[in-house]
Each structure stands twice: as structure tokens, then as C-alpha cells.
Amino acid sequence: MSKAKNISDVAIIGAGPTGLFAIFECGMMGLSVQVIDSLPEIGGQCTALYPDKPIYDIPAYPEIPAAQLIENLEKQAAPFKPKYHLNQQVISIKQQSGYWHLKTSHDQEIQSKCIIIAAGPGAFGPNRPPLEGIEAYENQSIFYMVRDPNSFKDKNILIAGGGDSAVDWAINLQPIAKSVRLLHRRDKFRAMPENVQKIYEIHEKKQIEILTPYQLHALNGQDGQLESVEIKNKEGQIETVNVDVLLPFYGLSNDLGPILEWGLNIDKNHITVDPVTARTNIDKIYAIGDIAAYTNKKKLIVTGFSEGAFAAYDIRRTLYPDEAEHFEYSTSKGLPS
Ligand code: FAD
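Definitions and limits used
Residues numbered from 1 in each chain as written. Predicted model: local features only at pLDDT ≥ 70, side-chain atom pairs only at ≥ 80, totals over all residues. Heavy atoms only, no water. Pairing = 2+ DSSP bridges. Helix = DSSP H or I, 4+ residues; strand = E, 2+ residues; numbered from the N terminus. Axes fitted to C-alpha atoms, helices over the stretch in contact; angles between N-to-C directions. Contact = heavy atoms within 4.5 Å. Near = heavy atom within 4 Å. Polar contact = N/O pair within 3.5 Å; in protein donor to acceptor, adjacent residues only side chain to side chain. Areas by Shrake-Rupley, 256 points an atom, 1.4 Å probe, with all protein chains shown as cover. Nonpolar A, V, L, I, M, F, W, Y, C, P; charged D, E, K, R; others polar. Expected span 1.5 Å × (residues − 1). Buried < 20%, exposed > 50% of the residue type's maximum accessible area, 1.4 Å probe, protein only. Phe/Tyr/Trp six-rings, centres within 6.5 Å; stacked < 30°, edge-to-face > 60°. Lys NZ or Arg CZ within 6 Å of the ring centre and 35° of its normal.

1. Some remarks on the sheet that holds strand β10 (residues 156-160)
Note: strands within a sheet are paired through backbone hydrogen bonds, in either parallel or antiparallel orientation.
So, step 1. With respect to topology, four strands assemble into an open sheet ordered β12-β11-β10-β16, the strand pairing being parallel. Across the chains shown, the open sheet's two edge strands, defined by having one partner strand only, are β12 (209-211) and β16 (245-248). In this sheet, neighbouring strand axes are inclined to one another by 20° on average, regardless of whether the strands run parallel or antiparallel.
So, step 2. The pairing of β10 with β16 spans four bridges and is parallel. In the strand pairing of β16, L158 is matched with L246.
So, step 3. Of the strands in this sheet, β10, β11 (179-183) and β16 are in contact with helix α4 (residues 164-173), which crosses β10 at around 160°.

2. Considerations on the site of the ligand
So, step 1. By nearness alone, 31 residues border the ligand, and D37, Y50, V90, D290 and I301 come closest of all.
So, step 2. Take P17: an N or O atom from its main chain is 3.5 Å from an oxygen atom of the ligand.
So, step 3. Contact distances for the ligand include 2.9 Å between a nitrogen atom and a side-chain N or O atom of D57.
So, step 4. Considering the ligand on its own, with 1000 Å² of exposed area, one finds that the protein chains cover 87% of that surface.
So, step 5. Among the secondary structure elements, those contributing two or more residues to the shell around the ligand are α1 (17-28), α2 (44-48) and β9 (123-126).
So, step 6. Broken down by element, the residue count for the shell around the ligand peaks at three residues, all from α1.
So, step 7. Classifying every residue of the shell around the ligand gives 15 nonpolar, twelve polar and four charged.

3. Some thoughts on helix α6 (residues 301-319)
So, step 1. When the terminal C-alpha atoms of α6 are compared, their 27 Å separation across 19 residues agrees well with the 27 Å that a helix rising 1.5 Å per residue should span.
So, step 2. Taking burial as the measure, the 19 residues of α6 include 14 buried ones, the bulk of the element.

4. Concerning the packing of aromatic side chains
So, step 1. Under the defined criterion, the tally for this structure stands at five aromatic pairs.
So, step 2. Seen in terms of ring centroids, F21 and F24 are 5.6 Å apart; in terms of plane orientation they differ by 20°. Their pairing is stacked. Here F21 pairs with F24, and both are found in helix α1, just three residues apart, close to one helical turn. Neither F21 nor F24 differs from the other in exposure class; each is buried.
So, step 3. Between F21 and F305, the aromatic rings sit 5.0 Å apart at their centres with planes inclined by 50°, giving tilted as the arrangement. In this pair, F21 is assigned in helix α1 and F305 in helix α6, connecting sequence segments 284 residues apart.
So, step 4. A relative accessible area of 14% means that F21 is categorised as buried.
So, step 5. A cation sits over an aromatic face here: R316 above Y320, 4.1 Å from the ring centre.

From the geometry alone we can't say anything about function, so treat these as descriptive.
Set out below in C-alpha cells:
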């Protein structure tokens, strides 16, 4: 892969379990890979929707938490040195001089000979609270996901939301942060009952402040650093709380949007593919995982893994048509050192 420019044999759109395993399969075929995901973290649905849930139908793992599966897939892909472009959605693609040019929402251009679309139900993104100027603070003092809890050590944190993420993180960050406030627009939280009970116990001990029913109203700060947040109660009165970090947890939405406009054969929001090659109707574009459709398709992680292998073999054949196909087991081939 060219280091100066973002050029590779394959660009994978989507870093869910399917996209991650496709890195490995492409790597075994000697293909360089870049991966783009709209989320700040890899893992797709596993990370965004159910990281702590055990999965029981991954071969050779009688039980594995979704987050652990993603960690393992990342490790398995690492020898092939994939380049990750996270936190950005692929918004357009065009073909020019033998390469696909992918443009992202960060105005980055990524070039590749082939594309594998592993986009699940579409690009995940946070539901943003409608606050003026919020973009200026994002990823500096406003975060929609927690990657490293220790980065919030000694910070004054305001968590907004009433579901599992809001309540879980309020509980988990309380021992690390300087102060934690939990704000929700309703009186009752809709998180797991045990955690709701726990949050009230912590509140009783005055280790956390609960602000209900309140809504976020405005942000104050400069150069991306929050200084305070204005909040509004049911009567419409505004209060100001001093805050270093705001964590709005209002859920995720998914957007298939741009992919629908790329001229692919689409059937009920899925891309129609040939099941034995994962080819779409467009030359050098493949689709795998939840987004790919064919007769009797099952949306399972294990199915997506297999589709990634089909795509990688077909890409190798397509890019190097004069080479004799030389099938090798990983046991004999080994990994790059
Ligand atoms: P996803 O995991 O959906 O990942 C797609 C990624 O692509 C996302 O991160 C998205 O942000 C990104 N993306 C999309 N469009 C773009 C774009 N334009 N630009 C940049 N990025 C983009 N399956 C099982 O096999 N066993 C189970 O036990 C199981 N349990 C489940 C439990 C729950 C609660 C849920 C919700 C699902 C479960 N599944 C299970 C289903 C499984 O999670 C999916 O089949 C799997 O995640 C599909 O993987 P994927 O890589 O195809 O897509």
C-alpha cells in the first residue's frame, strides 16, 4: 500500500465483524487493505449494539462476548497492517484510471482497485442533541462513545440520556471522574432495573447528581473545550452547570443513504450479489455480510466470514488473471512475520 497516499488493492466499507475478517482473507491473498467506518470504533453492531452480550454460534468459541470477538478479529487482521479510517462515512465513489476513488465525510480520498461493501444496515452514527455549535466540541470535549474511561480521570462529566449506555457509564465513570451528573428528560430511566437501582444508591451517597427531568439547552466554551452547559427544567428555567466533558447517549441511527445511489442492484435495502463470489452487478465491487442478499441468505456473523473469503479469492483472480490459482491452507502458508 502506498504510504503517501491512501491507495490499496482493496477498500472495505464497514469495520463490522464481516469487514474485519475480510481483511484477514484479503491479506492471505496478498492484497493490501484499507477499511473505512463511520463509527469511531471498529466492530459494527457487535461494538455499537451489544458489546457485553455473549455470542454462542461462532465456531470454536462455545461462548464469546461480542466485544471480545472484535478484539480477536482485530488481532487476527493485524499482521496484514490494514489502514483504518474511522469516524467517517464513505459518501461517494467514482472510477478513474483503473482505481475506485472513495470520498469520505472528512473530505478524504481513498483509492483502491476493488471495493468490498460490508456496510450492514448502513453507516452508524450518533443521534446528536440539537445544540448550536455542537460540532466544534465533538471528539474534544463531547463524545458519543467511551473508548478509554481513564481519559476522563478528574473531569467534571455531564452524561445525557436515559437508557443503558447513559446509566452504565454514569456508574462506571463515577469512581474515575471528579464529578458525574446524569441528566434525563424524563423522571424514569429505561435502563436495566439493577443498574437503575444502583444509580439511585450512588445518588443517595451523594457520589453522583441526578438531574431529571431536564434537557440540554446550550453549550458554552471555546476552542472545542466545554466550560459549562446550560440545562432547562420542565418549567423552562435555565440553569448552568460547570462541565469539562459532555457524553450524550441518545442512541445510534443508521444511514444506508449514499450506497443506494451508486448504481448497485438493490433489493429492499440490500445489495444483490452472486453468492459464490460476492460480486455485485458493478465490476470490482463486492458486498458481504448483512448488506449482501441472495436466495436463502442468513444474516449471521459466520455467513459474513465465509462471504469475505469468497470475495478475497475472487478479487485475487480478477486482479491477477494470468496467475494460476494456487490454493493454500493457512497452516502451510503461515502469516507475514
Ligand atoms: P455490521 O456489524 O452492521 O457493521 C457494518 C459497519 O459498516 C458499521 O460499523 C457501519 O457504521 C459501517 N458503515 C456502513 N455504511 C458505511 C459507509 N457508507 N461509510 C462508512 N462506514 C459505513 N449474529 C450472529 O451470528 N450470532 C449472534 O448471536 C448474534 N446476536 C446478535 C444480537 C444483537 C442484539 C444484534 C443486534 C445482532 C446480532 N447478530 C448476531 C447479528 C450480527 O451482529 C450481524 O450479522 C453482524 O454484525 C453483521 O456484520 P457486518 O460486518 O455485515 O455489519
